[in-house]
Amino acid sequence: MTDGATELGLGIDIGGTGMKAAIVNLGTGELASDRFRIDTPHPATPTTIAEVVRALIDHHHWTRPFGAALPAVVRQGSVTSAANIDDSWINVSSDELFSNSTGLDVCTVNDADAAGLAEMRFGAGRDRHGVVILLTLGTGIGSALFIDGKLVPNTEFGHLELDGQDAELRAAARARQRDDLSWKQWAKRVRYYLEHLEKLFSPDLFIVGGGVSRKYENWLPHVKISTEIVPAAMANNAGIVGAALVAPTG
Ligand code: BGC
């Protein structure tokens, strides 16, 4: 839809508890509609999720291609991992699934990659070169790696092994609640995890996103590492905006 100079897109962010969709101004990264949310159905199988995707599209009366972000590895439009989603997703063509349920062209990507694309274009990573790593600290840990602004997709750094465990089990936001940690105690785990990433990638910048990025004053001051680290700027909307950015054109 071209409305004067305003190019609009639609993005859907599919999470473990909620599925959110909005129309996005692709020139500014701002939302151009309400952010409509429907609870993620349980079980969250391809069939039940595809129905909600259609409901979200219907809500916005959207009739053009759109993008969707999933908490899984998405390679060439197909899901190939299921750490935090139903196992029945493995080898499902998410592009085809959502295209069939909506009748529209779709591009699906990993949720952290979507958030990273949005932060690099409009948020904390804007105009940043070199090696940038965005991490979303939520139920799990999502990651997006950029080299001079170009995404290396599906890095899944949340599943690096840390002290014999999946890193996300130790350092995701959920671990703080589960293990009843103070912000400072949890920040220590985050610092340890980031130091591991520093050794592997020598990044120029870390961007930390997810719900906890809005409360960064509570914990970020305790994460003292040598690499520059900044909170994500787009918080809750990054996944939606990034999904809208990858929507097929034409
Ligand atoms: C998944 C990733 C996802 C991250 C955040 C991890 O458990 O493996 O694909 O990006 O959670 O949702």
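Thresholds, definitions, all that
- Residues numbered from 1 in each chain as written.
- Predicted model: local features only at pLDDT ≥ 70, side-chain atom pairs only at ≥ 80, totals over all residues.
- Heavy atoms only, no water.
- Helix = DSSP H or I, 4+ residues; strand = E, 2+ residues; numbered from the N terminus.
- Rg over C-alpha atoms; globule rule 2.2 N^0.38 Å.
- Buried < 20%, exposed > 50% of the residue type's maximum accessible area, 1.4 Å probe, protein only.
- Contact = heavy atoms within 4.5 Å.
- Areas by Shrake-Rupley, 256 points an atom, 1.4 Å probe, with all protein chains shown as cover.
- Pairing = 2+ DSSP bridges.
- Axes fitted to C-alpha atoms, helices over the stretch in contact; angles between N-to-C directions.
- Near = heavy atom within 4 Å.
- Polar contact = N/O pair within 3.5 Å; in protein donor to acceptor, adjacent residues only side chain to side chain.
- Nonpolar A, V, L, I, M, F, W, Y, C, P; charged D, E, K, R; others polar.
- Domains from an automatic or database assignment.
- Buried area = accessible area lost by both parts, 1.4 Å probe.
- Salt bridge = Lys/Arg side-chain N within 4 Å of Asp/Glu carboxyl O.

**A short note on the overall build of the protein chain**
The helix and strand inventory of the protein chain stands at 8 helices and 15 strands. The C-alpha radius of gyration of the protein chain comes to 17 Å, within 12% of the 18 Å expected for a compact globule of 250 residues. Once the C-alpha set of the protein chain is aligned to its principal axes, its extents read approximately 45 × 40 × 30 Å. Counting only residues that meet the buried cut, the protein chain has 51% of its 250 residues in that class. By sequence separation, contacts in the protein chain at least 24 residues apart represent 60% of the contacts at least 6 residues apart. Summing over all exposed atoms, the protein chain offers an accessible surface of approximately 11,400 Å²; the carbon and sulfur share of this is 48%.

**Brief notes about the sheet that holds strand S15 (residues 228-231)**
Taken in spatial order, the 5 strands make up an open sheet running S11-S10-S9-S14-S15, and their pairing is mixed. Either end of the sheet is taken by a strand with one partner, and the two such strands are strand S11 (150-152) and S15. Shown here is a sheet whose adjacent strand axes are inclined to one another by a mean of 25°, direction ignored. The pairing of strand S9 (residues 131-137) with strand S10 (residues 141-147) spans 7 bridges and is antiparallel.

**Considering the pairing of strand S2 (residues 6-14)**
Of all 9 residues in S2, 7 are buried; the element is thus mostly enclosed. By the bridge criterion, 7 bridges tie S2 to strand S3 (residues 18-25) in an arrangement that is antiparallel. Residue pairing in the sheet places Gly11 in a bridge with Ala22 of S3.

**Overview of the site of the ligand**
The ligand sits among Pro71, Ala72, Ala83, Asn84, Asn110, Asp111, Ile141, Gly142, Glu156, His159 and Glu168. Here Ala72 contributes a backbone N or O atom positioned 3.3 Å from an oxygen atom of the ligand. Between an oxygen atom of the ligand and a side-chain N or O atom of Asn84, the distance comes to 2.9 Å. Here the ligand, which alone exposes 310 Å², has 93% of that area covered by the protein. Grouping the amino acids of the shell around the ligand by side-chain chemistry returns 4 nonpolar, 4 polar and 3 charged. In this structure, the shell around the ligand is formed jointly by two domains, domain 1 (2-113 + 238-245) and domain 2 (125-233), each of which donates at least three residues.

**Side note on the domain arrangement of the protein chain**
Put simply, an interface is often sized by how much accessible area is lost when its parts join up. Domains assigned within the protein chain are domain 1 (2-113 + 238-245) and domain 2 (125-233). Look at where the C-alpha atoms of domain 1 and domain 2 centre, and you get two points 24 Å apart. Facing the 9 residues of domain 1 at the interface are 15 residues of domain 2. Both sides together, the interface formed by domain 1 and domain 2 hides about 750 Å², and carbon and sulfur atoms give 44% of it. Taken as a group, Asn84, Ala112 and Asp113 account for 63% of the area that domain 1 buries against domain 2, more than any other trio of residues on that side. Across the domain 1-domain 2 interface, the total number found is 0 salt bridges. Taken together, the links from domain 1 to domain 2 amount to 3 residue pairs in polar contact (both at pLDDT 80 or more). Broken down by secondary-structure element, the contributors of at least two residues to the side of domain 1 that touches domain 2 are strand S6 (74-75) and helix H3 (111-122). Partitioned by chemical class, the residues of the side of domain 1 that touches domain 2 number 5 nonpolar, 2 polar and 2 charged.

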